[in-house]
Amino acid sequence: MTDLTSNSTFLIAGIVFITIAVIGQSKLAFIEINPGCFGRFLALLIGILSLLYALGLLNVSAVNLDLLRTSVTEQIKQSISSINELLQGS
């Protein structure tokens, strides 16, 4: 028996979630799947993200997360300063 890696786990999960999103309401022997509209959309979103992660297109390193965090904090600081300038001017 082979070990399940994270990529194969996300691949299987992505396929399962996309199947739920496509099939929607169904009843198999003892399992009833009735996700509703929001549930189908959420299953589609989770399935796509899982497949992208399994294919390596969504792997984010710690350096990229650090860069993203500093960029977002700088944007927030600039937005707050421009809002303060706008409020001081009126």
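All of the points below concern the structure found in this document. (Residues numbered from 1 in each chain as written. Predicted model: local features only at pLDDT ≥ 70, side-chain atom pairs only at ≥ 80, totals over all residues. Heavy atoms only, no water.)

1. Re the pattern of salt bridges
- By the definition in use, this model includes one salt bridge.
- Close ionic contact of Arg-69 with Asp-66 constitutes a salt bridge, the shortest N to O distance being 2.7 Å. Pair noted here: Arg-69 and Asp-66 are both in helix α3 (residues 62-89), with a separation of three residues, about one helical turn.
- Since its relative accessible area comes to 52%, Arg-69 is described here as exposed. (Salt bridge = Lys/Arg side-chain N within 4 Å of Asp/Glu carboxyl O. Helix = DSSP H or I, 4+ residues; strand = E, 2+ residues; numbered from the N terminus. Buried < 20%, exposed > 50% of the residue type's maximum accessible area, 1.4 Å probe, protein only.)

2. Considerations on the side chain of Ser-50
- Locating Ser-50 in the fold gives a position in helix α2 (residues 36-54).
- Its relative accessible area of 8% is what places Ser-50 among the buried residues.
- If we ignore the near neighbours within four places in the chain, the residues touching Ser-50 are Phe-10, Ala-13 and Gly-14. (Contact = heavy atoms within 4.5 Å.)

3. Quick look at the environment of Ser-79
- You can see Ser-79 is positioned in helix α3.
- Assessed through its relative accessible area of 38%, Ser-79 is described here as partly exposed.
- On a C-alpha basis, the gap between Ser-79 and Leu-42 in space is 32 Å, while along the polypeptide they are 37 residues apart.

4. Points about the packing of helix α1 (residues 6-23) against α2
- Viewed as axis vectors pointing N to C, α1 and α2 meet at an angle of 155°, and their least axial separation amounts to 7 Å. Regarding the angle of α1 to α2, the classification is roughly antiparallel. Taken as a pair, α1 and α2 cross one another with a handedness that is left-handed. Contacts from Asn-7, Phe-10, Leu-11, Ala-13, Gly-14, Ile-15, Phe-17, Ile-18, Ile-20, Ala-21, Val-22 and Ile-23 in α1 reach Arg-40, Ala-43, Leu-44, Ile-46, Gly-47, Ile-48, Ser-50, Leu-51, Tyr-53 and Ala-54 in α2.
- Here the contact of α1 with α2 is composed, by residue class, of 17 nonpolar, four polar and one charged. (Axes fitted to C-alpha atoms, helices over the stretch in contact; angles between N-to-C directions. Parallel < 35°, antiparallel > 145°, perpendicular 65-115°, else oblique. Left-handed = near helix turned anticlockwise from the far one by under 90°. Nonpolar A, V, L, I, M, F, W, Y, C, P; charged D, E, K, R; others polar.)

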